[in-house]
Amino acid sequence: MMLWLKLAEAALLLTGLLLVLIGTWRYGRRRKDWLALPRIVFNRAKDLTLQEYRWLRYGGMLLFIGVLARIANLTFYPV
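Computed from a predicted structure; not experimentally measured.

Conventions adopted
Residues numbered from 1 in each chain as written. Predicted model: local features only at pLDDT ≥ 70, side-chain atom pairs only at ≥ 80, totals over all residues. Heavy atoms only, no water. Salt bridge = Lys/Arg side-chain N within 4 Å of Asp/Glu carboxyl O. Helix = DSSP H or I, 4+ residues; strand = E, 2+ residues; numbered from the N terminus. Buried < 20%, exposed > 50% of the residue type's maximum accessible area, 1.4 Å probe, protein only. Core = buried A, V, L, I, M, F, W, Y, C linked by side-chain atoms within 4.5 Å. Contact = heavy atoms within 4.5 Å.

**Digging into the pattern of salt bridges**
Pairing is possible between side chains that carry opposite charge, provided their charged atoms lie close to one another.
Then step 1. As enumerated under the stated definition, the model contains three salt bridges in all.
Then step 2. A salt bridge links Glu9 to Arg70; the nearest nitrogen and oxygen atoms lie 3.6 Å apart. With Glu9 in helix 1 (residues 2–31) and Arg70 in helix 3 (residues 50–76), the pair connects residues that are 61 residues apart, well separated along the chain.
Then step 3. Taking relative accessible area as the criterion, Glu9 reaches 9% and is therefore assigned buried.
Then step 4. The exposure class of Arg70 is partly exposed, given its relative accessible area of 36%.
Then step 5. In this structure, Glu52 and Arg30 form a salt bridge, with 2.9 Å as the shortest nitrogen-oxygen distance. With Glu52 in helix 3 and Arg30 in helix 1, the pair connects residues that are 22 residues apart, well separated along the chain.

This is the structure:
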């Protein structure tokens, strides 16, 4: 069970990070603004398309679930 939870945690975190980077890259490419990540993080990007917003939102959700899996992993299987 511990191995399964550790693999799920890594997969969720990497997939979430990948989705966020894809959404940021798409926004940066469309706007020719390569400082997109800080602008998005600090809520200054008001002109996200629906597709970019979906990439960012699903990536953020996967990152959050990955953090919850990490907490569960450390709670139930401490090192």
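**What to know about the nonpolar core**
Side chains of a nonpolar character, in soluble globular proteins, are inclined to be buried together.
Then step 1. Formed by Val20, Tyr27, Ala36, Ile40, Ala45 and Leu56, the largest nonpolar core amounts to six residues.
Then step 2. For this core, the elements supplying multiple residues, two or more each, are helix 1 and helix 2 (36–41).
Then step 3. Beyond its immediate chain neighbours, meaning those up to four positions away, Ala36 contacts Thr24, Tyr27 and Gly28.

**Observations concerning the environment of Leu3**
Then step 1. Examined against the element boundaries, Leu3 turns out to sit in helix 1.
Then step 2. Leu3 gets classed as exposed once you look at its relative accessible area, which sits at 60%.
Then step 3. Separated by 53 residues in sequence, Leu3 and Leu56 place their C-alpha atoms 28 Å apart.

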